[in-house]
Structure formats: structure tokens, C-alpha cells
Amino acid sequence: MEGNRGISLEDHLKLWNHSAIRVLDIRRSRIGPEEKRASFRMPASGFLLIHQGCADIYIDERRHSVRGAYACHAGKGSLLDIVQVREAVQYDLIFYKAAPAPPQRKELAAILKKNNPFQSSYGFVPGYPLVLYAKSEQMLGLWQAPSALDRFHVRALFHQLVYEMLRQVHEQGGTDVYRPDLVARAVRYLKDHYAEPLGLQELAIVLEAGPRQLQRQFKKRHRVGPMEYLIGIRMDQAQAMLTGTQATLREIAEATGYSDSYYFSRAFKKHYGISPLQCRRSCRISASSLSRNPIGEAAKLPYSDVDSANHYQYPSGGEWQVIKRTKSMLAVSLILSLALILGACSGGNGGARSNTNEGASPTSTASPTSTASSTAAPSPAQAEQAGYPVTIKHLKDDIVLEQKPERIAVLDTKFVDQLIALQEQPAGSVTAAGSSEDFPEYLANQLADVKVLGTRDEPNLEAIVAMDPDLIIITGFQEKIYDSVSKIAPTIVLDFDEDWKDTLVTFGKIVGKEQAAADVLKAYQEKVSSLKEKLQAKMNGESIALLRPRDGGIRVHTPDHRTGAILYGDLGLIAPKAVTEVDDTAYQIALEALPGVGADHYFLLTDDMFKEEAEEYQKTETWQSLEPVKHNRIYNVDTTLWIAYYGPIAINMIVDQVGETLLGDH
């Protein structure tokens, strides 16, 4: 739920007094213990008056415990659940519509935006329940009469009911008012209506919100927009149907909101890395191989059995992502199935997958041809192979590579950069948050047939199995999946925050190109040494700060941050005093505190995820009042390049951009 605050009687009365009110409907109903629950979405704002009974009431997932008389208010679109009915509940629902009468004063508009009484939800135990019951009883009787005069009387009684509600709340010292949680309501609506044609505009209309407002708030919490989130729900449902039913692709496509089965198949493959038919076939292989093992049935659980209130929440310590339990279940089956298949034919892999000294030797019996050419200079491939076996030290047990791995899966985008810098490439990689592209644009023309393996925060285990790697490289950030991926192939775990130079040395050992790694590092050092002298002469002591608008504030990166280390360490730029005093890699400030950073120049990190937020900040008086803004010293740079792609090529591009920008060549 969004933040709560006590009812401001004065604010509420101002809006009630200056709004046109129309009663839409009055209903009386009853639910007994045998009915278990009543659940519906509020078609309009309204009051729920419970006269007797014992149950739990949820308004947008906020619980109200009811024992006897109780009064609630909920806004239009709120989801109302009456559950755990222990004694029969008798209640009245009074729906209304309120529209602030023109002309609206700025004061009223501000109150409406911050504390809209017609959309707020709250509940309390009335001190005088019989008074509320009498008003409701009288209104219900008049509402059932056809007379226009009676309906007019209902309107007058409604104002009296609102007065009595506010009076009793005020006498009790107030209660908590909960602003409707737009994002939570959107999630619930998407989960309930995923099979229907639905766009951002339609969703915003249903929730009575602006499309941009909805998109911004949704991305802020879930790191993806509502439509991307909807795709995740649809794909989860589709996967459950593929693995648990015999429905055709067309039937599954239609059941998950796609009118075109071809488009559905493309969307499924993009999401999971395998086609719908491959998914179904893999599950059947798994089920037949493990038919006596209950794990083999895990993927067949219907979606409703694994759904929960937290099913689509992202981990609090990480970036955005949608958690897919059904996908994990299928992954377990696929991994175990693959292990059985590989175990049956492992004798012919020549030790390419081994992480120990066991298995076949990489050295074969020499043929006459190889003997005759033994005195010739070794080929590049032979030179690389000469360095094996090699031991790689990492965060888990040391791993021994008997020969050069040919199909490497990397679960961090910066590793793609590391490999390309050594004129290698992965067979599969995860994508980066904050970018609409699968892989770094600056590397696109150097990548060929690289499989998408999900995202860094949620790798797609099925896609990893399908690409059949002989080595997987992850970071300590993904340690929780180590046990799963290490069953697929030998796995190396590198420090997420390790200096890119040290990582490059490790990659040089992995692919047999230690000298190439050394050459890259030498060239970089020569570049930054030369540029550092030029920058110090040009900047003349002026300071630089690195800003990233996100999550409702502005993140300021310090010299301890890995990109800050390039600016302030490698290039010798000066950080503002306020930035150097923070003992962390970054810290968050409000927009109003930005002038306190006190830099002469700012590099502004922006990306697709927080683009709108950054643009809004730049329109404010606070932003426009900054001296660097007035003197055109704000430099926009790409967040994904500067933060996510932490490899030699990206680092060199950052260094080049800094030089071009600050030396006057931009």
C-alpha cells in the first residue's frame, strides 16, 4: 500500500462541500460461513456498512478484522474481499460518484491530488453503529421507491451519512487513510484480465489514472512497464498450459490474449529462449525419464496452485524482475533430464566439460600427418590449447579446464564485453536492465547467434539448458542459482564488484589468451595516462559529479563506485567535497538537495527505464537554478554503457566520451 496518513477533517470537508455528489446504487446483502467468501471490484467509490457478523475484509489486500459493526470506505476500482466468514455478515453497499465543481481553486486541486477522500480507503469500528444503520436503512427504503422526490431525499440522507461517518472518526481521534495503491491494483487487474485484449491506455482508463503516471509508477516498483509485466503473466500461463494440458498452440494463444498463434510463438520464444513446442517436448522427455520421481510432475502443477500474493513481486535487494515459479519448476525437470542424457553419452566429450582432472586426456595419439608437421610453427588454435589444462580460481572451488571451452554462457552482460575484447564471443548471454536491446549496441556487429538467457537478475534456466554450454560464468550476485546451473555445466563464480582489469586477466586464462589480455590492459593504461595530463591542464581544479535520477530521487556516485574509479582514479578528475565525504559507492538525495552536491560539471546518467523521471527533473526550478545548467555543463551519457557494460571496450568508450566532452570536442 502507499503511505498512510490520518484523516484531515478540514481537507475532506472542503472537497465534500465543493463537489457534485450523485448516489449511484444502494445494495443490501448477506454472506454466511457456508459461502466462504465474496469478492468483487468496486464499480464506483462507496461505503461498506457492516451491521453484524464476524469475518475478515480486505480492501486492495489490506486486512480489516470485523467482529460486529464496522464501517469502510473504498475508491473506485478497489478490490473488496470478504473472507474467513465465521458468523454470517449482513452489510450495505452505498455507491456514489463525486466530481469537484468548477472552477477549482489551486488549494482544492492540491488536496485532491494528495489526499483524495473519494479514492481513499479506510475502516473503523463505529462508536454509534445504530445511527449509521438507521441512515442506511432509510436510504435503502427510499432507493427502492420509483419517485424522483424519494431519490432526491436519498441524496440529502447521503450527505447526512457522510457527516455522521466523519464525525465519528473525528471523535475517535482519526483513523488511518490509505491512498489507493495504483500499482497493486494494476497488478491485480492484469492477473484477472490477462486473457483479454489490453493496452496501456485501456488499463489507465479502468484504474482512473494517466497512462504516463501509471507507466512511471509501475516501472519504479517493478522495473518493467505494465505491458511487459502482462507479457510475463501471459507467458507463465502459457507455459503451465503447455506442460499441463494437451491444448493446441492456437487454443493456448487465444486463452492467453493472443489472436495470432504465430505471434504468440514468437513472443514465447523471446521470453523463454525456446519455442512453445520445444517447451512441451522437453517437459514430456523429463516426465518420461523421471516418471517414478515426484519431481517429474512438478511442472504439471496448474497455475492456480502456485499463485500467491507475492508471486509477481521482485526481490527487495535486487533490480527489477518478475519471479516465475512455474519456470523454475520446469527448469529443475529439464536439468535433471539433461543430466541423465549427458551421463549416457559423456564418454565422447574429450574432457571439454570436466572441472576436474578426471576423464579423457585432451592429448590424442598423433597421426602421421601431425607427426610430419610437428616441427612447423604452431597455429593460433594450437598456441591457445598449449596453455591447458589451466586452473581458474573463483569464489567457489577452483575449477580445472582441460581444454578451451567452445560454448560459454555468461550471466552478466559485462562478460560479453570481456570476451569480445579478446576476439571471442559467448554462445549465450543474459540481457541488461535499463536497455531495450538484447545485447550492447556497440557490440552488435561483432555478435553472431548469441542466445538470450533471460536477465541478469533472473536467468532463464531452460534457455541455458537448451544452448548446451560447456562452461557457465556467473557472479557472486547470482550465487543462489549456483547449485542449479552447476548441474548443467562447469560453473565459474566471479566477484560482482571485481575490477574489470582483474576480470579480463581471468578471461584471458579461460580462453587461452593471456597475452591478448595483457595487451588490452597496456593500451588502456597508455590512453588514460595521456588523457589524464590533458584533463588536469584543461579542468584547472573544477569538479565533476556523476548523477543518476532513479527511484524518486537522484543517486550520486562516489570515487568508490567502479565508474567513479575511472573518472576520479584513472583520469584524475576532481570529485566535489560533499561526494568524497560519503563512505559508500553511491548515495541517494532528493532533487531539492542537488545544489548541495556543489559540482562544476555533471555527467547525467539516463536510460529507458528512468528517462521520463530525468526529463521531469530537468524541467524543475531547482534544476534550472544550478550553475552547471546555466553554463551548459550538464553532459548526458547512457547509463547502461557507463554502469552495466563494465568491460574493456565499454570502459574505453567511457574514457573517450569524457575526453571528447571535457576537452571541447563534443
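Just so you know, the residues in each chain are numbered from 1, in the order the chain's sequence is written. For a predicted model such as this one, the threshold for reporting local features is a pLDDT of at least 70, and the threshold for listing and counting side-chain atom pairs is 80 or more; totals across whole chains, interfaces and linings nevertheless cover every residue. Computation of side-chain values covers all heavy atoms of the structure but excludes hydrogens and water.

A closer look at the pairing of strand β13 (residues 428-431)
Strand residues, when the strand is regular, have side chains that alternate between the two faces of the sheet.
Working step 1: DSSP calls a pair of strands paired once it identifies at least 2 bridges connecting them. Helix and strand definitions follow DSSP, with helices as H or I runs of at least four residues and strands as E runs of at least two, each counted in order from the N terminus. Of the strand pairs in this sheet, strand β12 (residues 408-410) and β13 are connected by two bridges, and their pairing is parallel. Following the sheet pairing, Ala409 is matched in β13 by Gly428.
Working step 2: One crossover worth recording links β12 to the parallel β13 by way of helix α16 (residues 413-421), and it is right-handed.
Working step 3: For β13 and strand β14 (residues 451-455), the ladder comprises three bridges, and the chain directions are parallel. Bridged to Thr431 within β14 is Thr455. A crossover gets the label right-handed when its path from the first strand over the helix to the second runs clockwise, viewed with the strands pointing away from the viewer.

A look at the nonpolar core
Working step 1: In this structure, Ile473, Leu573, Leu594, Trp642 and Val658 are the most contacted members of the largest nonpolar core, which totals 74 residues.
Working step 2: At seven residues, the largest contribution of residues to this core is made by helix α20 (residues 514-539). Only buried Ala, Val, Leu, Ile, Met, Phe, Trp, Tyr and Cys residues count toward a nonpolar core, and they belong to the same one when joined by side-chain atoms within 4.5 Å. A simple rule labels every residue: compare its accessible area, found with a 1.4 Å probe on the protein chains alone, to the largest value its type can have, and call it buried under 20%, exposed over 50%, or partly exposed in between.

Structural notes on α16
Working step 1: With nine of nine residues buried, α16 is to be regarded as a mostly interior element.
Working step 2: The set of residues buried in α16 consists of Thr413, Lys414, Phe415, Val416, Asp417, Gln418, Leu419, Ile420 and Ala421.
Working step 3: Just beyond α16, the residue with positive phi is Gln423, at close to 60 degrees.

Examining the packing of helix α3 (residues 129-143) against helix α4 (residues 148-171)
Working step 1: In the contact formed by α3 and α4, the axes pass within 9 Å of each other and the chain directions differ by 165 degrees. In terms of orientation, α3 lies roughly antiparallel with respect to α4. In this structure, α3 crosses over α4, and the sense of that crossing is left-handed. Here α3 contributes Val131, Leu132, Lys135, Gln138, Met139, Leu142 and Trp143 to the contact with α4, which in turn contributes Asp150, Arg151, His153, Val154, Leu157, Phe158, Gln160, Leu161, Glu164, Met165 and Gln168. Here an angle of 0 to 180 degrees is reported between the N-to-C directions of two axes, which are lines fitted to C-alpha atoms, with helices fitted over the stretch in contact. For classification purposes, angles smaller than 35 degrees are called roughly parallel, those larger than 145 roughly antiparallel, those between 65 and 115 roughly perpendicular, and all remaining angles oblique. Throughout, a crossing is termed right-handed when the near helix is turned clockwise from the far one, and left-handed when it is turned anticlockwise from it by less than a right angle. Throughout, a contact is declared for two residues whenever any of their heavy atoms are within 4.5 Å.

A closer look at the pattern of salt bridges
Working step 1: Any carboxyl oxygen of Asp or Glu that lies within 4 Å of a side-chain nitrogen of Lys or Arg is treated as forming a salt bridge with it. Enumeration over the complete set of coordinates arrives at 22 salt bridges.
Working step 2: We note a salt bridge from Arg167 to Glu164, for which the minimum N-O separation is 2.5 Å. Of the two residues, Arg167 and Glu164 are both situated in helix α4; the distance of three residues between them amounts to about one turn of the helix.
Working step 3: Salt-bridge contacts for Arg548 lead to Asp607; the nearest nitrogen and oxygen are separated by 3.6 Å. With Arg548 in strand β17 (residues 544-550) and Asp607 in the loop between β20 (601-606) and α23 (611-617), this residue pair connects regions lying 59 residues apart in the sequence. We note that Arg548, like Asp607, is buried.
Working step 4: Salt bridges here are not isolated pairs; linked through shared partners, they connect Arg28, Asp92 and Glu137.

A short note on helix α27 (residues 648-662)
Working step 1: For α27, built from 15 residues, the straight-helix expectation of 21 Å at 1.5 Å per residue is met to within 8% by its first-to-last C-alpha distance of 21 Å.
Working step 2: Considered for burial, the residues of α27 that qualify are Pro648, Ala650, Ile651, Asn652, Ile654, Val655, Val658, Gly659, Thr661 and Leu662.
Working step 3: Once α27 finishes, Gly664 follows within two positions and takes phi at roughly 90 degrees, a positive value. Multiplying one less than the number of residues by 1.5 Å gives the expected span of a helix.

Examining unusual backbone geometry
Working step 1: In this model, Gln84 sits at a positive phi of 50 degrees, which is unusual for a non-glycine residue.
Working step 2: The residue Gln84 is located in strand β7 (residues 79-100) in this model.
Working step 3: Phi is positive for Asp449, which is not a glycine, with a value near 55 degrees.
Working step 4: Inspection of the secondary structure assignment puts Asp449 in the loop between β13 and β14.
Working step 5: Take Asp449: its relative accessible area is 64%, and that puts it in the exposed class.

With respect to the side chain of Gln168
Working step 1: Structurally, Gln168 can be placed in helix α4.
Working step 2: N or O atoms within 3.5 Å of each other form a polar contact, as long as, within protein, one can give a hydrogen and the other can take it, and as long as residues adjacent in sequence are counted only when both atoms are side-chain atoms. Here the side chain of Gln168 touches Glu164 through a polar contact of 3.0 Å, side chain to side chain.
Working step 3: If we ignore the near neighbours within four places in the chain, the residues touching Gln168 are Phe124, Pro126, Gly127, Tyr128, Val131 and Leu132.

Overview of the environment of Leu242
Working step 1: Its location among the elements puts Leu242 in helix α8 (residues 226-244).
Working step 2: Sequence separation of Leu242 and Pro276 is 34 residues, and the distance between their C-alpha atoms is 7.2 Å.
Working step 3: Setting aside its immediate chain neighbours within four residues, Leu242 contacts Leu249, Ile252, Phe268, Pro276, Cys279 and Arg280.

Focus: the sheet that holds β20
Working step 1: Judged by pairing direction, the sheet is mixed, and its five strands sit side by side in the order β19-β18-β17-β20-β21 without closing on themselves. Sheet topology places β19 (586-589) and β21 (634-638) at the edges, where each strand pairs with a single neighbour. Strand-to-strand twist in this sheet, taken as the mean axis angle between neighbours without regard to direction, amounts to 30 degrees.
Working step 2: Two elements, β17 and β20, share four bridges in a ladder whose sense is parallel. Its bridge partner lying in β20, Leu547 is registered against Leu604.
Working step 3: Helix-sheet contacts for α27 involve β17, β20 and β21, and the interaxial angle to β20 is about 135 degrees.

Topic: the sheet that holds β14
Working step 1: Read from one edge to the other, the open sheet built from five strands follows the order β14-β13-β12-β15-β16, with strand pairing classed as parallel. Two strands bound the open sheet, and with one partner strand each, they are β14 and β16 (491-494). If you compare each strand with its neighbour and ignore which way they point, the axes differ by 20 degrees on average.
Working step 2: Contacts from helix α19 (residues 500-510) reach β12, β15 (471-475) and β16 within the one sheet, and its direction differs from that of β16 by about 165 degrees.

With respect to the packing of aromatic side chains
Working step 1: Pairing of aromatic side chains here covers Phe, Tyr and the six-membered ring of Trp, requires ring centres within 6.5 Å, and sorts the geometry by plane angle: under 30 degrees stacked, over 60 edge-to-face, intermediate tilted. Applying the stated criterion across every chain, the model contains 16 aromatic pairs.
Working step 2: Measuring from centroid to centroid gives 6.4 Å for Tyr96 and Phe118, while their planes differ by 75 degrees, and the two rings are edge-to-face. Of this pair, Tyr96 sits in strand β7 while Phe118 sits in the loop between α2 (106-114) and β8 (122-124); the two residues are 22 residues apart in sequence, bridging distant segments of the chain.
Working step 3: Using a relative accessible area of 1% as the deciding quantity, one classes Tyr96 as buried.
Working step 4: Ring centres of Phe218 and Tyr229 lie 5.2 Å apart, and the angle between their planes is 75 degrees; this geometry places the pair in the edge-to-face category. Here Tyr229 lies in helix α8 and Phe218 lies in helix α7 (residues 211-222), a separation of 11 residues in the sequence. Neither residue differs from the other here; Phe218 and Tyr229 are each classed as buried.
Working step 5: The rings of Trp16, Phe47, Tyr96, Phe118 and Phe158 are connected pair by pair, giving a single aromatic cluster.
Working step 6: Here, a charge over a ring means that NZ of Lys or CZ of Arg falls within 6 Å of the ring centre while also lying within 35 degrees of the ring normal. Here the basic side chain of Arg151 rests over the ring of Trp143, its NZ or CZ set 3.8 Å away from the ring centre.
Working step 7: For Arg234, the ring lying beneath its charged end belongs to Tyr258, and the centroid distance is 5.3 Å.

Here's the deal with the packing of helix α1 (residues 9-17) against α4
Working step 1: For the pair α1 and α4, the least separation of the axes is 11 Å and the interaxial angle reads 175 degrees. As judged from the angle between their axes, α1 and α4 are roughly antiparallel. The residues of α4 that touch α1, namely those facing Leu9, His12, Leu13 and Trp16, are Phe158, Val162, Leu166 and His170.

Let's talk about the environment of Gln246
Working step 1: Mapped onto the fold, Gln246 is located in the loop between α8 and α9 (249-255).
Working step 2: Among the residues examined, Gln246 registers a relative accessible area of 66% and is labelled exposed.
Working step 3: With 34 residues separating them along the chain, Gln246 and Arg280 place their C-alpha atoms 9.5 Å apart.

A look at the side chain of His73
Working step 1: With respect to the helices, strands and loops of the structure, His73 is situated in strand β6 (residues 70-74).
Working step 2: Among the polar contacts listed, one links the side chain of His73 to the backbone oxygen of Ser120, at a separation of 2.7 Å.
Working step 3: In contact with His73, not counting residues within four places along its chain, are Gly46, Phe47, Ile59, Tyr96, Pro117, Phe118, Gln119, Ser120, Ser121 and Tyr122.

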